[in-house]
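# Survey of secondary and tertiary structure
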Amino acid sequence: GAALGATASGMAVLAVALLGGCLGLSYAAFCRWRFKALKRAIQECRPCGGPLWARQLGARFMGTCARLNGVRLVSESGSGLEAPSQQYIYVWHPHGFVSYVPAHLLGAKAIAAEPHKKEWFGTCIPVLFKVPFIGEVFTVTNARPVDRRTVETILSKGGSLAIQPGGVKEQAATREDQEQAFFPAGLGFIKMAIKYGVPLMPIYIFGENQLYKRVRGLDWLTNMIRRLTGLTFPIVLAKWNMPQAGFFPRATDIHIRWGSPVDVGPKEDEPSAERIQEVFERYLSELQRLFDANAKDCLPRAVAEKGLKVVKLADSRASSSAGPSGSSKGKRS
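The rules behind each value
Residues numbered from 1 in each chain as written. Predicted model: local features only at pLDDT ≥ 70, side-chain atom pairs only at ≥ 80, totals over all residues. Heavy atoms only, no water. Pairing = 2+ DSSP bridges. Helix = DSSP H or I, 4+ residues; strand = E, 2+ residues; numbered from the N terminus. Axes fitted to C-alpha atoms, helices over the stretch in contact; angles between N-to-C directions. Left-handed = near helix turned anticlockwise from the far one by under 90°. Contact = heavy atoms within 4.5 Å. Nonpolar A, V, L, I, M, F, W, Y, C, P; charged D, E, K, R; others polar. Expected span 1.5 Å × (residues − 1). Buried < 20%, exposed > 50% of the residue type's maximum accessible area, 1.4 Å probe, protein only. 1 Å grid on protein atoms, 1.4 Å probe; cavity = no way out; pocket = protein on both sides within 12 Å on 5 of 7 lines; lining within 4 Å. Points joined across faces, edges and corners; volume = space filled by probe spheres on them. Salt bridge = Lys/Arg side-chain N within 4 Å of Asp/Glu carboxyl O.

Taken in spatial order, the seven strands line up as β1-β10-β7-β2-β5-β3-β4 in an open sheet, and their pairing is mixed. Both edges of this open sheet fall to β1 (71-77) and β4 (143-145), since each of them pairs with a single strand only. Averaged over all adjacent pairs, the angle separating strand axes in this sheet is 30 degrees, with direction ignored. Where strand β2 (residues 89-93) and strand β5 (residues 160-163) come together, three bridges link them in parallel fashion. Considered in β5, the bridge of I89 is made with L161.

Shown next, in the form of structure tokens:
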């Protein structure tokens, strides 16, 4: 009897192992197909993920998750909403701890061609498309990997896209008590805009940084996780002070503000450093105006009073506005 029971248990374990192996192989095959489908969609500058209703379902799922967590889009305004219907590079700030609002609320707008009657594509680090479930949802909600080939392909075919210039460096430095905008050394997003003659439109998502609370003194753990996985995870407390519970942000009111388009002038494949800097300064001026005009109404008072800290990684210098008045002073980052 004991031997029979052991045999039965062994057979059950074997059956489970075989089933798990079959499911794993099936999912791997599905992922290969999904990657190929996404690649074709990028080359053709079109959505990926089946019929419109399926993509809308994915966006509604993400929106429902946000609402259940108490993350609500309370207001949305700005001169950019009235801009002409054309190709844009939407540049959103801040990155936040996990870019929760772009992932959960902006996909629906991209699919619905809002606000400029032209379907557009968000961007994120390529490794996220390899993460089970997240990769599938991002694919159907118009997210695309933020690599040079993808960005150039979409822009060259007249598509609009959204990017976050601060990337993982801004993410790693995110704080709930200080609004920040990081910019890369080479200002690649400015170069791309000039190369294809596409206006830049700043978007500020007030409330993104307040969805989680940073745990101080654990930057070493964030760096270790990034080295091991390629992913950046600031150590945070989420809803009910749960650690690293990225799917459960704190209930927060979100206010999205769309800035005026920043014209970049005629197309130029290899713009000079002077031209790049000139466009960047005009972009920064519009971003600062957008922030200053809305911060006191859309952020906790203590955070708004600190102003927007701007960090250009090329020279590690930062400027911080004195508050909604718009005055600024330089300081080292």
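From this point, the discussion proceeds with the structure in view.
Relative orientation of the contacting elements helix α2 (residues 52-68) and helix α3 (residues 100-111) amounts to 145 degrees, with a least axis distance of 9 Å. Our pair here, α2 against α3, has a crossing hand that is left-handed. Contacts between α2 and α3 involve L52, R55, Q56, A59, M62, G63, C65 and A66 from the former and Y100, A103, H104, L105, G107, A108 and I111 from the latter. Of the residues that constitute the contact of α2 with α3, the class distribution is ten nonpolar, four polar and one charged.

So, on to α3. Under the 1.5 Å per step criterion, the end-to-end length of α3 is 17 Å for twelve residues, consistent within 8% with the ideal 16 Å. Counting buried positions along α3 gives eleven out of twelve residues, so the element sits mostly inside the fold. When we look at burial in α3, the residues that qualify are Y100, V101, P102, A103, H104, L105, L106, G107, K109, A110 and I111. Looking one or two places after α3, you find A113, whose phi comes out positive at around 60 degrees.

Further remarks concern the layout of surface pockets. Its boundaries defined by the atoms lining it, the second largest pocket holds a volume of some 320 Å³. Every residue lining the second largest pocket is counted, 13 residues in all, and those nearest its centre are L38, K39, I42, P145 and D147. Breaking the lining of the second largest pocket down by element, the ones donating at least two residues are α1 (2-44) and α5 (148-156). Of the residues forming the lining of the second largest pocket, the biggest block, five residues, is contributed by α1. When its residues are assigned to classes, the lining of the second largest pocket shows six nonpolar, three polar and four charged.

In the structure shown here, the tally under the stated rule is 17 salt bridges. A salt bridge links K306 to D177; its shortest N-O distance comes to 3.6 Å. Linking K306 in helix α10 (residues 301-306) with D177 in the loop between α6 (167-173) and β6 (179-183), this pair joins segments that are 129 residues apart in sequence. Relative accessible area serves as the criterion here: at 35%, K306 is assigned to the partly exposed category. Judged by relative accessible area, which is 21%, D177 ranks as partly exposed. Because the salt bridges share partners, they merge into one network encompassing R175, E176, D177, R216 and K306.

These figures capture arrangement, not role.
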